[in-house]
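Listed here are the chains, written in short residue letters.
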Amino acid sequence: MSIVKTKYVFVTGGVTSSLGKGVVTASLGMLLKSRGYKIFLLKLDPYLNIDSGTLNPYEHGECFVTKDGLETDMDLGHYERFLNQTTTKENNITSGFIYKTVIDNERKGIYLGKTVQVIPHITDEIKKHIKKIGKFGYDIIIVEIGGTIGDIEVLPYIEAVRQLKWELKKFNGLMIHLTLLPFISATGEIKTKPTQHSVRNLMENGIQVDIIVCRTSSHISNYIKKKIALFCNVQSVNVIESIDTKIIYEIPYLLHMQNFDQMVLNFLNLKSIKTKTKNFYLEHWKSFIKKYKNPKYKVKIALVGKYVTLHDSYKSIRESLIHAGTINDIYVQIKWIYSENIIKEENIQKIFKNISGILIAPGFGKRGVKGKILAVKYARENKIPFLGICLGMQISVIEFARNVLGIKDADSSEVNPLTPNPVIDLMNKQKNILYKGGTMRLGDWKCSLVKDSKLFSIYKKKYIVERHRHRYEFNNKYIDIFSRAGMKIVGINPETNLVEALELKNHIFFIGVQYHPEYKSTVINPHPLFISFVLFSKKYKSYDI
Ligand code: GLN
């Protein structure tokens, strides 16, 4: 298989995890797209889960869902938001997926009696996937290798990349290493030793890095760059910094100012392509950052969820609020509310004091549901703008059934499987499913909007397509009684009749959606539902800056 035409950039991470490798990868993708190239971003995850769907958000942050229904790593969200281009199953593979493929092949007898081994069978399967992408017609494929250099799990990927580098012609493969430069406050020094060790570890595995990106809390001097260059076999001009920023969207521009994209093109022996869109992304980015830094108003959105100690658990929602606010000159301050802390009606007033809007996040299981119901009640009764996403919508249905329709035992069968009134119930198709991974209703589904609804006025079209991730649904037996009492079904899947969206009449903004609008918001195309929610929140209560 020839992979001569496509250029490959491999990004590894050293010293610790959580350095923002995904953001640096996405930033490079955006900068090169801005230069006129067709870019593909691929994330290789070293864990043994087949996909990210079964991972706890506390450990891995939010689970992102692609349009074709793969539950993936959070970094794919960055890829979409930065490149304004959708991802699919091809953009993410895990070691679990690779191992399963190899083991399935072995059972089928495909290896013809060979001893099946990490090298060559696992590494070949990794290379096969990377090469397959090379046939899709992209100019540059940026491959982000998850995990940290030195981890046992990362080794098969490093070995696969080493082999690939040999197969690739000169100028067609580039290695970028993102590393941490710790700052020792007692001596006021930035330390390079951990970087030297992680680059050396790569060398021991046969890989020479070309560019080193240093994550740092303060600017690095030429002296530091030279020192890193000396120990790591790179030119000091190819040592750059990725400094801590207030928002991640500043990063592409800061990297660009250090010649990052040009440096990569030089290594790959490429020139900027003259296209109409050339520099469009970078220019757009500059004005976005300017707007973000100079807001005219502030709104305070209460984000109610059960994973609130880690903001990464609701990453896409957070970013969608930033996109929607920024383009409307609004700074969206998020008040993170741990739903288990909302215990009594008395403390609610204190929690939601001065709030402009309430958003109930997606989620699974019963933990924190009680508090979420109280939060919905507060938003409904006090006419505070409300947006419920997935579980958030389901909670608004339970609340309405109990407190407006008087069905006191109404519940979701996810929370109480024995409830006599399952207003939210398991979807028929889900009933006999045993395996938890990859079996939810996932990815893009069509939704038909009711013309006379707020949602229609927001999307300005009858049919929309949004991404999903759920097993439970609104129980259609209750449609009439809900509608008569003012909770209107405004979005339905045309093929299955599943309820996709609800809204409350006589309320400034009370919308619940079974789907996840947050997966589709990007810097260039902020999502209309978030824009509307933020604007209604501003109308309800805004603060001058
Ligand atoms: N737990 C709910 C379900 O499976 C909602 C899931 C979610 O919020 N993504 O239907």
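One structure accompanies this document, and this report is about it. (Residues numbered from 1 in each chain as written. Predicted model: local features only at pLDDT ≥ 70, side-chain atom pairs only at ≥ 80, totals over all residues. Heavy atoms only, no water.)

### What to know about the packing of helix 1 (residues 21–34) against helix 11 (residues 280–293)
Contact geometry of helix 1 with helix 11 gives a least axis separation of 6 Å together with a crossing angle of 120°. Between helix 1 and helix 11, the crossing angle belongs to the class labelled oblique. Residues Met30, Leu31, Lys33 and Ser34 of helix 1 lie in contact with helix 11, whose contacting residues are Phe280, Tyr281, Leu282 and Trp285. Class assignment for the residues of the contact of helix 1 with helix 11 results in six nonpolar, one polar and one charged. (Axes fitted to C-alpha atoms, helices over the stretch in contact; angles between N-to-C directions. Helix = DSSP H or I, 4+ residues; strand = E, 2+ residues; numbered from the N terminus. Parallel < 35°, antiparallel > 145°, perpendicular 65-115°, else oblique. Contact = heavy atoms within 4.5 Å. Nonpolar A, V, L, I, M, F, W, Y, C, P; charged D, E, K, R; others polar.)

### Description of the layout of surface pockets
Its boundaries defined by the atoms lining it, the second largest pocket holds a volume of some 670 Å³. Elements supplying a minimum of two residues to the lining of the second largest pocket: helix 15 (391–403) and strand 19 (463–470). The class makeup of the residues in the lining of the second largest pocket is 17 nonpolar, 13 polar and eight charged. (1 Å grid on protein atoms, 1.4 Å probe; cavity = no way out; pocket = protein on both sides within 12 Å on 5 of 7 lines; lining within 4 Å. Points joined across faces, edges and corners; volume = space filled by probe spheres on them.)

### Some points on the sheet that holds strand 16 (residues 410–412)
Reading across from one edge, 16-17-20 is the order of the three strands in this open sheet, with mixed pairing throughout. Only two strands of the sheet have a single neighbouring strand rather than two, namely strand 16 and strand 20 (472–474). The mean angle between the axes of side-by-side strands here comes to 30°, regardless of whether they run parallel or antiparallel. The sheet contact formed by strand 17 (residues 421–426) and strand 20 spans three bridges and is antiparallel. Residue pairing across strands places Ile424 opposite Phe474, the latter belonging to strand 20. (Pairing = 2+ DSSP bridges.)

### So, the sheet that holds strand 7 (residues 173–180)
In sheet architecture, strand pairing relies on hydrogen bonds along the backbone and comes in two forms, parallel and antiparallel. Overall, parallel pairing links the seven strands, which are arranged 5-2-6-1-7-10-11 in an open sheet. Each edge of the open sheet is held by one strand with a lone partner, namely strand 5 (92–94) and strand 11 (239–243). Neighbour to neighbour, the strand axes of the sheet diverge by 20° on average, direction disregarded. Against the sheet, helix 1 engages strand 1 (7–13), strand 2 (39–45), strand 6 (140–145), strand 7 and strand 11, with an angle of about 175° to strand 6.

### Details of the nonpolar core
Core analysis: the largest hydrophobic core is formed by 48 residues, its most contacted members being Val9, Ile140, Ile176, Tyr249, Phe260 and Val264. It is helix 1 that provides the largest number of residues to this core, a total of seven residues. Membership of the second largest hydrophobic core comes to 41 residues, among which are Leu391, Ile407, Ile489 and Val499. (Core = buried A, V, L, I, M, F, W, Y, C linked by side-chain atoms within 4.5 Å. Buried < 20%, exposed > 50% of the residue type's maximum accessible area, 1.4 Å probe, protein only.)

### Remarks on the packing of helix 14 (residues 369–381) against helix 15
At a minimum axis distance of 9 Å, the contact between helix 14 and helix 15 shows a crossing angle of 70°. If you check the angle between helix 14 and helix 15, you find them roughly perpendicular. Listed contacts from helix 15 to Val369, Lys372, Ile373, Val376, Lys377 and Arg380 of helix 14 are Leu391, Ile395, Ser396, Ile398, Glu399, Phe400, Arg402 and Asn403.

### Overview of the packing of aromatic side chains
Overall, the coordinates contain 14 aromatic pairs when judged by the stated rule. Arranged with centres 6.1 Å apart and planes meeting at 10°, the rings of Tyr8 and Phe10 form a pair that is stacked. The exposure class of Tyr8 is buried, given its relative accessible area of 1%. Taken together, a centroid distance of 5.6 Å and an interplanar angle of 85° make the contact between Tyr249 and Phe288 edge-to-face. Here the residue Tyr249 occupies a position in the loop between strand 11 and helix 9 (251–256), and Phe288 occupies one in helix 11, the gap between them amounting to 39 residues. Each member of the pair, Tyr249 as well as Phe288, is classed as buried. Here the aromatic residues Phe82, Tyr249, Trp285 and Phe288 are joined through ring pairs into a cluster of three or more. (Phe/Tyr/Trp six-rings, centres within 6.5 Å; stacked < 30°, edge-to-face > 60°.)

### Some remarks on unusual backbone geometry
Looking along the chain, the bond that leaves Ile119 and enters Pro120 is cis, with omega of 15°. Inspection of the secondary structure puts Pro120 in helix 5 (residues 118–134). Despite not being glycine, Asn84 has its phi angle at roughly 55°, a positive value. With respect to the helices and strands, Asn84 occurs in the loop between helix 3 (75–83) and strand 5. For Asn84, a relative accessible area of 24% gives the class partly exposed. Unusually for a residue other than glycine, Asn497 sits at a positive phi of about 65°. Structurally, Asn497 is set in the loop between strand 21 (487–492) and strand 22 (499–504). Of the residues examined, Asn497 reaches a relative accessible area of 44% and is grouped as partly exposed.

### Re the environment of Thr6
Inspection of the secondary structure assignment puts Thr6 in the segment before strand 1. In this structure, the C-alpha to C-alpha distance between Thr6 and Asn49, residues 43 residues apart in sequence, is 29 Å. Residues contacting Thr6, with those up to four places away along its chain left out, are Gly134, Tyr138, Asp139, Ile141 and Asn172. Reaching out from Thr6, the side chain makes a polar contact with the backbone oxygen of Gly134 at a distance of 3.1 Å. (Polar contact = N/O pair within 3.5 Å; in protein donor to acceptor, adjacent residues only side chain to side chain.)

### Comments concerning the pattern of salt bridges
Within this structure, the stated rule accounts for 30 salt bridges. Here Lys43 and Asp73 are joined by a salt bridge, their closest N and O atoms 3.1 Å apart. Of this pair, Lys43 sits in strand 2 while Asp73 sits in the loop between strand 4 (71–72) and helix 3; the two residues are 30 residues apart in sequence, bridging distant segments of the chain. Comparing Lys43 with Asp73 shows no difference in burial state: the two are buried. One connected set of salt bridges, linked through shared partners, spans Lys43, Asp45, Asp73, Asp75 and Glu144. (Salt bridge = Lys/Arg side-chain N within 4 Å of Asp/Glu carboxyl O.)

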